[in-house]
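Listed here are the chains, written in short residue letters.
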Amino acid sequence: RGRRAHLQASPEVEDMKVEEVLAKSQMFAGLSLEDIYDVARISREQAHRQGETIFQEGEEAHNLYILVQGKVSLEMCIPQPAARGPMRSCEIRVVAPGASFGWSAVVDPYVYTLSARCVEACRSVAIDGARLRDLMESNHHIGYRVLKRLSATVSSRLKDTSQTMASERGLAFL
């Protein structure tokens, strides 16, 4: 199947192949080894510095990410009460290793709904969103499995966002 890239990181992930990262992730767990290899072919490793913004809310979404190491804060810009002052960033969720973020790369209109900022140095696997959509279209088994997990992720993020917004506005969450 070709050369496999290795993640160079802490000892626990030092020798982990991209395929292993995908297979252990929440998004792709349970796919066949062949399906995992198909996704790995459209993926690449990335390293991020603490404080680095991986993507910004409102940008065109190109990649779905699986966090390998570190922590990523998913944030939304919200206006100050009564529009007095600049927008400020509000943390919606912190993503831990094994979880995905950047789901907007798979869902039309392909625009990130949150920003992703590294709370600490991170390593991730970036999956090309357009190529993943093509793969999901051509292999309905992959498409069904990924969309099923993706819908749970979107639902969870919507709940997190609603709770955060209610809390920020001092409203009781119903």
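Conventions adopted
Residues numbered from 1 in each chain as written. Predicted model: local features only at pLDDT ≥ 70, side-chain atom pairs only at ≥ 80, totals over all residues. Heavy atoms only, no water. Helix = DSSP H or I, 4+ residues; strand = E, 2+ residues; numbered from the N terminus. Buried < 20%, exposed > 50% of the residue type's maximum accessible area, 1.4 Å probe, protein only. Contact = heavy atoms within 4.5 Å. Pairing = 2+ DSSP bridges. Axes fitted to C-alpha atoms, helices over the stretch in contact; angles between N-to-C directions. pLDDT = per-residue confidence, 0-100.

Side note on the overall build of the protein
A tally of regular secondary structure across the protein gives four helices and eight strands. In the protein, the succession of helices and strands from N to C terminus is α-α-β-β-β-β-β-β-β-β-α-α. Of all 174 residues assigned to the protein, the portion counted as buried reaches 44%. Considering only intrachain contacts with a sequence separation of at least 6, the fraction spanning at least 24 residues in the protein is 74%.

Describing unusual backbone geometry
The amide bond that connects D108 to the next residue, P109, takes the cis arrangement and shows omega of 20°. Within the secondary structure, P109 sits in the loop between β6 (100-101) and β7 (115-118). A positive phi is found at Y110, a non-glycine position, where the angle reads about 60°. Following the sequence through the fold, Y110 ends up in the loop between β6 and β7.

Notes on the sheet that holds strand β1 (residues 43-48)
Pairing within the open sheet is antiparallel, and its four strands lie in the order β1-β8-β3-β6. Only two strands of the sheet have a single neighbouring strand rather than two, namely β1 and β6. Summarising the sheet, strand β3 (residues 63-69) and β6 pair through two bridges and their orientation is antiparallel. For I66, the partnering residue across the bridge sits in β6 and is S100. The sheet contacts of helix α3 (residues 129-138) involve β3 and β8 (122-128), and relative to β8 the element is tilted by about 55°.

Describing the confidence of the model for the protein
Residues at a pLDDT of 70 or more form 77% of the protein, whose mean pLDDT is 84. Segment residues 1-14: pLDDT under 50, and 33 contacts once partners within four positions in sequence are set aside and those in other chains are kept.

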